[in-house]
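Results of the structural survey
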Amino acid sequence: MLEQMRQHSRSLLIYALFGIIIAVFIISFGPQSLGGFNAPGSTVDYAVKVGKREVTAQEYRTAFLLAGGDRFDGEQAKQARVREIVLDRLIDRELLAQQANELGLVVSREEAEDFVATGKFLLFGGPKSFSNEPGFSYDDFTRFIRYYGFTPATFLEMQQRELQAERVRSFLKGGLTVSPSEVKAEWEHRNTQLNLEYLRFPVAKFESAVVPSAQDVAAYATAHEADLKAAYEKDKAFRYTKLPKEKKLEVVKVSLAPDATDADKQAAQKKLEAAAAAAKGGQALSIAAKPLTADTKANATFAPAAWRREGSEGLGAEMWKEVMAAADNAVLGPKTAEGSVYVVKVLGAREGDLSYDQVKLELAEEALRKDQATAKAKAAAEGALAKAKEAAAKDAAKTFKDVFPSSAEAGAAPVGDAPRAEETGLFMREGISIEGIGRSAELAKAAWALTPEAPFYGPVEVASSFVVVRLKERKTADPAEFEKGKATETQMAETVKSYQVMTEWSMNRCKQVQQSSGIKVNDEILVYPDGKKGLVEYKPCAPASPFGI
C-alpha cells in the first residue's frame, strides 16, 4: 500500500519545495527546541502506562511538538500546564482505543494507510497535514516520520490507535440530542451577565503598618506553640537549613522620581536625617519614620523587620557591603541607591541551621502581624462599604468611583489612602470565579443575588484580600435575539453537551482503569527545562483533564 502511495508524489519542483518546508520545520521544531527531552543522561523510556499499554517517550515527544508545546517559554509552559495537558490527552487516547478493542471497533493497517494517503494524520481527534500543500507526498511523508524517529510501521500503528479512538468518540456522540429547553437554557446562561464595581483591600498592604510589641509576640508564641512548631517543620528544609549569612533589617525608603535632580536627592536625604538621628538615639525606627510615612507627599515607606540576604532589598552594592559588615543595632544612612534614599537599621545576623527555639519568635511575629493586618484590612473594607452605602442612601446613582475618586483619569492612583475602584466588566456565571476578582464560592453566589435595590455585598475574603462589591449592571438575555439565532445556538449547545459527555466518560473510564490495571506515569517526562515539575502535582484522572485539541 505504501508503494502505491509513492505514486502520488509530485514533480521534482514540488519535491524541492517540500524539501524547503521540511528543512524550515526541522529548524523551527527540531531537537534544540524540545525543552529538555533529549537531555544527556535522561532515563525516560516511557511516558505513561495505561493498563497493559505503554505510551513511549517517543510518542509523547511527537505529540508535544505537534501540539505546539515547544512554542511556550519555560514559565509560560508551567503556567499553562503544557506537559501535563499533552499527557492527559495521550491517556485519553489510550482509554478510547482500549474501549474500541473491547467493543470490537478494530481499525486495520490498510484503513490507516488509506487515511494517511489523503495527506493527513490524526492527533487527539484533530486532523493535521504533513505539509502546507494539498494532497499526499510520499517524500514529505518519509521525511516527516524519519524526523520524528518513526518507521512507517510504528507511525501507522499510532494512527490505528488514533482512528480507533475517533470511532469511540463518534460512537459516544452519535446518540446525543439536545432538547429545545436545553438549548435555551445554555443560551440564557451565556447571555445573562453582571458587571460589578469592587474595592480590594490586600492584607499585605496593612502588614507594614503593624509593629507588634515584644511582649505581644512572646505571649502569642506561648499561646500558639503547636501551630508554630508545625509551621517550622513544614518550612524547615528551605527556610532554616544551611542558610547563607542573613541580616535582619528595618528599612525606611523615600522613592525618587526617574528624573530626580541632585536637589531632589538632597531634599529626600534631609527628610530622612531626622528619622536616622532618632533611631541612632535609641528610638524604634518604625516610630522615628512615622512623620514621613504619614505624609502622602513624601513618597516614604517603612518595611518592618525581616531577614534579608545580600542583594535582596535593592539597597545597592555599596550599602549592602556596609550592612553585611555592620554590628547589631547599627543605623545606616541616609544613602542614595537604585532610585531611592534609604535608612537601614540592622537588628541581627544569622546563618547555618536554625532550631525551632531560634526562630519561634520570628514565626510568632509573622503570624501575629498577619492576624493584625487581616483585622485591619477587614475593618478598612467595612468602613469603605459603610461610606459607599451612606452615599448611595442620598443618591442611588453614586458609584464606587464617585465615592473614592482617583487623582486623575483612569489608571491614576487613588487620592490619599483611598482604595482604587475597579470594574469586572460583563461576565457570565462560571463556577466560583468572578472576573477580575478571583475564586470565591461565597461571592459567586452572592453576586448573582444582587439587585438595584440591594446592590452591595462584602467584605468577603478572596486570595489574601478583602473585597466589597457593588452591582453596576445586569444584562438580561433578550428572547427575540434567541429566536433569530436559534439554529446556531442549537449547534453550540450540541457542541457543549458533546464535550461534557466526552469529559465525563473519560473521567469515569480513567478511574476504572486506575483501580483495575493501573495508570503509571513516568514523572521524569513532566520535568520542565529548569529541572523542576509543574506548579501543581500531576494526577491522572483529575477533573481538569482536557479531552482532545
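These numbers come from a predicted model, not from an experiment.

**Digging into the overall build of the protein chain**
When helices and strands are counted, the protein chain shows 21 helices and 16 strands. Looking at the 549 residues of the protein chain, the share that counts as buried comes to 42%. A sequence separation of at least 24 residues applies to 73% of the contacts in the protein chain between residues at least 6 apart. When the accessible surface of the protein chain is split by element, carbon and sulfur atoms take 52% of a total near 28900 Å².

**Some remarks on the pattern of salt bridges**
For the coordinates displayed, the defined rule picks out 27 salt bridges. Among the salt bridges present, the one from E225 reaches K229, with a minimum N-O distance of 3.6 Å. Of the two residues, E225 and K229 both sit in helix α12 (residues 225-239), four residues apart, roughly one turn of that helix. Overall, E225 belongs to the partly exposed group, its relative accessible area being 38%. According to the relative accessible area criterion, K229 is partly exposed, its value standing at 40%. Within this structure, D235, R239, E246, R309, R350, E362 and E366 form a network of salt bridges that share partners.

**So, the nonpolar core**
One finds Y60, L87, I91 and F155 to be the most contacted residues of the largest nonpolar core, which totals 52 residues. Residue contributions to this core peak at eight residues, all from helix α5 (residues 82-103). Residue contacts for L87: discarding those within four places in its chain leaves A47, V48, Y60, V521, L526 and Y538.

**Side note on the packing of aromatic side chains**
Scanning the entire structure with this criterion turns up 15 aromatic pairs. Ring centres 6.0 Å apart and planes at 80 degrees place the aromatic pair F144 and F155 in the edge-to-face group. Placement of F144 in helix α7 (residues 138-147) and of F155 in helix α8 (residues 152-174) is noted, with a sequence separation of 11 residues between them. No difference in accessibility class separates F144 from F155, as the two residues are buried.

**Looking at the layout of surface pockets**
Roughly 510 Å³ of internal volume is contained in the second largest pocket. Together, 24 residues line the second largest pocket, and P212, K248, A305, L347 and E365 are the ones closest to its centre. Elements represented by at least two residues in the lining of the second largest pocket include exactly α11 (214-223), β6 (243-255), α14 (285-288), β7 (300-309), β9 (340-352) and α17 (356-394). With six residues, the single largest contributor to the lining of the second largest pocket is α17. The class makeup of the residues in the lining of the second largest pocket is 14 nonpolar, three polar and seven charged.

**Structural notes on the sheet that holds strand β1 (residues 46-50)**
Pairing in this open sheet of three strands is antiparallel, and the strands run β2-β1-β16 from one edge to the other. With one partner strand each, in any of the chains shown, β2 (53-56) and β16 (519-521) form the two edges of the open sheet. The mean inter-strand angle of the sheet, taken between neighbouring strand axes irrespective of direction, is 15 degrees. Sheet topology places β1 next to β2; four bridges connect them, and they run antiparallel. Bridge pairing in β2 places K49 opposite E54. Sitting on the sheet, α5 touches β1, β2 and β16, and the angle it makes with β1 is about 40 degrees.

**Focus: helix α9 (residues 180-191)**
With 12 residues, α9 extends 16 Å between its outermost C-alpha atoms, agreeing within 8% with the 16 Å of an ideal straight helix rising 1.5 Å per residue. Looking at the buried side of α9, the elements it contacts are β5 (193-202), β11 (427-428), α20 (479-484) and α21 (486-516).

**A word on helix α13 (residues 262-280)**
Helix length check: α13, at 19 residues, gives a terminal C-alpha distance of 26 Å against a target of 27 Å (1.5 Å per residue), a fit within 8%. By the largest-angle criterion, L272 marks the main kink of α13, which is about 30 degrees. At the C-terminal side of α13, G282 shows a positive phi close to 110 degrees.

**Re the packing of α9 against α21**
The interhelical angle for the contact between α9 and α21, taken along N-to-C directions, is 90 degrees, at an axis separation of 9 Å. One finds that α9 runs roughly perpendicular with respect to α21. Here E182, V183, E186, W187 and R190 of α9 come into contact with α21, specifically with E489, T490, M492, A493, V496 and K497. Considering only residue class, the contact of α9 with α21 consists of five nonpolar, one polar and five charged.

**Focus: the confidence of the model for the protein chain**
Counting all residues, the mean pLDDT for the protein chain is 83, and 89% of those residues have values of 70 or more. For the protein chain, per-element mean pLDDT is lowest for helix α2 (residues 12-29), which scores 33, and highest for strand β14 (residues 456-461), which scores 96.

**Some words on the sheet that holds β9**
Spatial ordering of the open sheet is given by β7-β6-β9-β8, a layout of four strands whose pairing is antiparallel. Each end of this open sheet is capped by a strand with a single partner; those strands are β7 and β8 (331-337). Averaged over all pairs of adjacent strands, the angle between their axes in this sheet comes to 25 degrees, without regard to strand direction. Sheet topology note: the β6/β7 ladder contains eight bridges and is antiparallel. Paired with V251 across the strands is A303, a residue of β7. The strands that helix α16 (residues 317-325) touches are β6, β7, β8 and β9; relative to β8, the one it contacts most, it runs at about 170 degrees. Along the sheet, α17 makes contact with β6, β7 and β9, crossing β7 at roughly 145 degrees.

Cut-offs applied
Residues numbered from 1 in each chain as written. Predicted model: local features only at pLDDT ≥ 70, side-chain atom pairs only at ≥ 80, totals over all residues. Heavy atoms only, no water. Helix = DSSP H or I, 4+ residues; strand = E, 2+ residues; numbered from the N terminus. Buried < 20%, exposed > 50% of the residue type's maximum accessible area, 1.4 Å probe, protein only. Contact = heavy atoms within 4.5 Å. Areas by Shrake-Rupley, 256 points an atom, 1.4 Å probe, with all protein chains shown as cover. Salt bridge = Lys/Arg side-chain N within 4 Å of Asp/Glu carboxyl O. Core = buried A, V, L, I, M, F, W, Y, C linked by side-chain atoms within 4.5 Å. Phe/Tyr/Trp six-rings, centres within 6.5 Å; stacked < 30°, edge-to-face > 60°. 1 Å grid on protein atoms, 1.4 Å probe; cavity = no way out; pocket = protein on both sides within 12 Å on 5 of 7 lines; lining within 4 Å. Points joined across faces, edges and corners; volume = space filled by probe spheres on them. Nonpolar A, V, L, I, M, F, W, Y, C, P; charged D, E, K, R; others polar. Pairing = 2+ DSSP bridges. Axes fitted to C-alpha atoms, helices over the stretch in contact; angles between N-to-C directions. Expected span 1.5 Å × (residues − 1). Bend = angle between axes of the 7 residues up to and from the residue. Parallel < 35°, antiparallel > 145°, perpendicular 65-115°, else oblique. pLDDT = per-residue confidence, 0-100.

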